[in-house]
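Here are the chains, one letter per residue:
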Amino acid sequence: MPMNVEQARKVFERVTEAIISHKEYLTELDSAIGDADHGINMSRGFTKAQEKIKAGAYTEVGGVFKDVAMTLMGSVGGASGPLYGTLFMRMSMKFGTKQEVDSADFVEAFEEGLKGILALGKAQLEDKTMVDALTPALEAMKAAASNGEDLPAVLEKGIASAEEGMKRTIPLVAKKGRASYLGERSAGHQDPGATSTFLILSAMLEGLRE
Amino acid sequence: MIGILVVSHSAKAAEGIAEIASQMSGGIVPVCAVGGTEEGGLGTSVPGIVEALGGLLEKAEGVVLVPDLGSAVLSARSALEFLGDDAKKVLIVDAPVLEGAMMASVEASIGSSLERVAQVAGEARLLSKLSR
């Protein structure tokens, strides 16, 4: 089952709901090691993005992703704005003029998106960032897509690996962002960025299954 | 002449710093400020930076961008991706934001190149305020 424009809209509707309903949780995680704004920033950004795509008329899946990307870059305020913005912007560029995208298209685009995030934030694996959830998610999705699995099945594999990656951030010492100023004291807490990545992927699958 | 863009999480901080930097060069260097989210809260906005860079590049041949920290750096890097070929005319400097903007302004006012202005701004971190 590929994803069309209407499904892309649904996908981001569910992502927005998930971020809003986990606002306190993300903020709580961030208050342990960051500046306690991840939940608030992400909720603001996705709420704006949701308003934008609800009002927009689209013929291409990439159009939805692009509007989400631009809105996040303008209204999140923190580092997650340009980072998630870059993910969805690169994905939209890779989707090009496609009216629907299948699992192979999605995974290719996701790979471009992750490359963009790595170039921008310069984080490496185990720096205790969203990259720790995104990287295993991509690997799992790549494997599933090359076995010819459809998009929901591919996302399911990605989510499971993102969740493991997210949990693996708990003992890590942060090397990037506000948490890195805490040094050793950042260990013992789950990374908020890796957590929001897991939430986003999970909600995307929910939207896709409707 | 080279222009300067101050990027801060706070619009007020960015404007204040730009005001000081501009005064250091007697107002002859184009110095702009951008800060806050699109809703006016604390944070940085990629479209806001793209717009400010576009405006500056109409009057300056290059721009030294001085970010405060964290997402200001990431937002600035993202903004460059929207500039196409003009991205080559912008250098992001790793400097304390007030001192970097001030020193860039003075250096730009004597007609220095983009690379030179960026280098001098970067040296701002060596400024000592209390010793000697």
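Residues numbered from 1 in each chain as written. Chains lettered and ligands numbered in written order. Predicted model: local features only at pLDDT ≥ 70, side-chain atom pairs only at ≥ 80, totals over all residues.

1. A look at the overall build of chain A
A count of helical and extended segments in chain A gives nine helices and two strands. Secondary structure elements of chain A, listed N to C terminal, follow the sequence β-α-α-α-α-α-β-α-α-α-α. The C-alpha atoms of chain A give a radius of gyration of 16 Å, which matches the 17 Å a tight globule of 210 residues would have. With the principal axes as the frame, chain A shows a C-alpha extent of 50 × 35 × 30 Å. Sorting the 210 residues of chain A into buried and exposed places 57% on the buried side. Sequence-distant contacts in chain A: of pairs separated by 6 or more residues, those separated by 24 or more amount to 69%. (Helix = DSSP H or I, 4+ residues; strand = E, 2+ residues; numbered from the N terminus. Rg over C-alpha atoms; globule rule 2.2 N^0.38 Å. Buried ≥ 20, exposed ≤ 12 C-beta atoms within 10 Å, placed from the backbone. Contact = placed C-beta atoms within 7 Å.)

2. Quick look at the overall build of chain B
The secondary structure content of chain B amounts to five helices and four strands. Listing every helix and strand of chain B by position from the N terminus yields β-α-β-α-β-α-β-α-α. Taking 2.2 N^0.38 as the reference for a compact globule, 132 residues should give roughly 14 Å; the C-alpha atoms of chain B span a radius of gyration of 13 Å, in line with that estimate. For chain B, buried positions account for 53% of its 132 residues. Here the contacts in chain B between residues at least 6 apart in sequence split such that 73% fall between residues at least 24 apart.

3. Quick look at the interface of chain A and chain B
Taken residue by residue, the interface counts 17 residues in chain A and 17 residues in chain B. For the side of chain A that touches chain B, the secondary structure elements donating two or more residues are helix H4 (61–75), helix H5 (80–95) and helix H6 (103–121) of chain A. It is H5(A) that contributes the most residues to the side of chain A that touches chain B, five residues altogether. For the side of chain A that touches chain B, the class distribution of residues is six nonpolar, ten polar and one charged. (Nonpolar A, V, L, I, M, F, W, Y, C, P; charged D, E, K, R; others polar.)

4. Some thoughts on the pairing of strand S3 (residues 62–67) of chain B
In summary, the side chains of a regular strand alternate between the two faces of the sheet. Residues and elements named next belong to chain B. Among the six residues of S3, six are classified as buried, and the element is accordingly described as predominantly covered. The side-chain alternation of S3 yields two buried faces, one formed by Gly 62, Val 64 and Val 66 and the other by Val 63, Leu 65 and Pro 67. The pairing of strand S1 (residues 2–8) with S3 spans six bridges and is parallel. Residue Val 6 lies in a different strand from S3, and its bridge partner there is Val 66. (Pairing = 2+ DSSP bridges.)

5. Observations concerning helix H3 (residues 71–80) of chain B
Three- or four-residue spacings in an α-helix give side chains the same orientation, since the helix completes a turn every 3.6 residues. Most of H3(B) is tucked away: ten of the ten residues are buried. Where H3(B) is concerned, the buried positions are B:Ser71, B:Ala72, B:Val73, B:Leu74, B:Ser75, B:Ala76, B:Arg77, B:Ser78, B:Ala79 and B:Leu80.

6. Overview of the sheet that holds strand S4 (residues 90–92) of chain B
Residue and element names in this part refer to chain B. Pairing is parallel across the open sheet formed by four strands, whose spatial order is S2-S1-S3-S4. Strands at the two margins of the open sheet, each flanked by one partner only, are strand S2 (31–35) and S4. Between one strand axis and the next, the sheet turns through 20° on average, direction left out of account. Two elements, S1 and S2, share five bridges in a ladder whose sense is parallel. Its bridge partner being in S2, Val 7 is matched across the sheet by Val 34. (Axes fitted to C-alpha atoms, helices over the stretch in contact; angles between N-to-C directions.)

7. Quick word on H4(A)
Residues and elements named next belong to chain A. End to end, H4 covers 22 Å across 15 residues, agreeing with the expected 21 Å (1.5 Å per residue, within 8%). Residues of H4 that are buried: Val 61, Gly 62, Val 64, Phe 65, Lys 66, Val 68, Ala 69, Thr 71, Leu 72, Met 73, Gly 74 and Ser 75. Looking one or two places after H4, you find Gly 77, whose phi comes out positive at around 95°. (Expected span 1.5 Å × (residues − 1).)

8. Focus: the packing of H5(A) against H3(B)
Where H5(A) contacts H3(B), the two axes come as close as 8 Å, and the packing angle between them is 35°. Contact with H5(A), carried on its side by A:Gly81, A:Pro82, A:Leu83, A:Gly85 and A:Thr86, involves B:Ser71, B:Leu74, B:Ser75 and B:Ser78 of H3(B) and no other residues of that element. Grouping the constituent residues of the contact of H5(A) with H3(B) by class yields three nonpolar, six polar and no charged.

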